[in-house]
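Fold and contact review
Each chain is listed here by its residues.
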Amino acid sequence: MEIVNGKIKTRNPADCDVTKKPIEETTCFERPCFKWYTTPWSECTKTCGVGVRMRDVKCYQGTDIVRGCDPLVKPVGKQTCDLQPCPTEPPDDSCQDQAGTNCALAIKVNLCSHWYYSKACCRSCRAPHS
């Protein structure tokens, strides 16, 4: 091609010097892509019942931790883990309510599920009540 009177004119390829032909492609400044990386999942926080497991999720560009990754495709870093149900203790026929603990009130306000009252009022909390 050449410019004649301000206009681009295409020439016959035979008219051109092949040694002066510019290369058609060249690499421009390239940077590594942004990519999410995750560590393996941690152990579950519980050995029975529902717990949580976690992992690190980081955005890298090459070997650098950066902030350029797409948040819409970010892998989750925390999830619940539902293991086998926790064993329940067999009823203890020898349990007695502790003296000085208001077990009637504990039952009335539904405190039997609390660890303290389930022990301190073991007989009252175990008995069927409506």
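Computed from a prediction, not measured in an experiment: that's the story for all the values here. (Residues numbered from 1 in each chain as written. Predicted model: local features only at pLDDT ≥ 70, side-chain atom pairs only at ≥ 80, totals over all residues. Heavy atoms only, no water.)

1. Some thoughts on the sheet that holds strand S5 (residues 57-61)
The strands making up a sheet associate through backbone hydrogen bonding, with each pair oriented either parallel or antiparallel. Across the sheet, 3 strands lie side by side as S3-S5-S6; this open sheet has antiparallel pairing. Looking at the sheet topology across the chains shown, the edges are occupied by strand S3 (34-38) and strand S6 (64-65). Here 2 bridges tie S5 to S6, and the two strands are oriented antiparallel to one another. Directly across from glutamine 61, in S6, lies its bridge partner aspartate 64. (Pairing = 2+ DSSP bridges. Helix = DSSP H or I, 4+ residues; strand = E, 2+ residues; numbered from the N terminus.)

2. Overview of the packing of aromatic side chains
What the rule picks out here adds up to 3 aromatic pairs. When the centroid spacing of 5.6 Å and the interplanar angle of 85° are considered together, the rings of tyrosine 37 and tyrosine 60 count as edge-to-face. You can see tyrosine 37 sitting in strand S3 and its partner tyrosine 60 sitting in strand S5, a full 23 residues away along the chain. When the centroid spacing of 6.1 Å and the interplanar angle of 90° are considered together, the rings of tryptophan 115 and tyrosine 116 count as edge-to-face. Judged by relative accessible area, which is 63%, tryptophan 115 ranks as exposed. Residue tyrosine 116 is classed as partly exposed on the basis of its relative accessible area, which comes to 33%. Feature note: the residues Trp115, Tyr116 and Tyr117 constitute an aromatic cluster, connected by ring pairs. Geometry around tyrosine 37 places lysine 35 over its ring, the cationic atom sitting 5.4 Å from the centre. (Phe/Tyr/Trp six-rings, centres within 6.5 Å; stacked < 30°, edge-to-face > 60°. Buried < 20%, exposed > 50% of the residue type's maximum accessible area, 1.4 Å probe, protein only. Lys NZ or Arg CZ within 6 Å of the ring centre and 35° of its normal.)

3. Observations concerning the side chain of glutamine 61
Residue placement: glutamine 61 occurs in strand S5. Exposure remark for glutamine 61: the relative accessible area of 13% places this residue in the buried category. For glutamine 61, the residues in contact, after removing those within four places along its chain, are Arg31, Pro32, Cys33, Phe34 and Val66. (Contact = heavy atoms within 4.5 Å.)

4. So, the state of the cysteines
A full pass over the atoms with the stated rule returns 4 disulfides. Through a disulfide, cysteine 103 is tied to cysteine 121; the S-S separation comes to 2.1 Å. Given an S-S torsion of about -85°, the disulfide between cysteine 103 and cysteine 121 has left-handed geometry. One end of the pair, cysteine 103, is in helix H1 (residues 103-108); the other, cysteine 121, is in the loop between helix H2 (115-120) and helix H3 (122-126), with 18 residues separating them in the sequence. In terms of burial, cysteine 103 and cysteine 121 fall into one category: buried. (Disulfide = S-S within 2.5 Å.)

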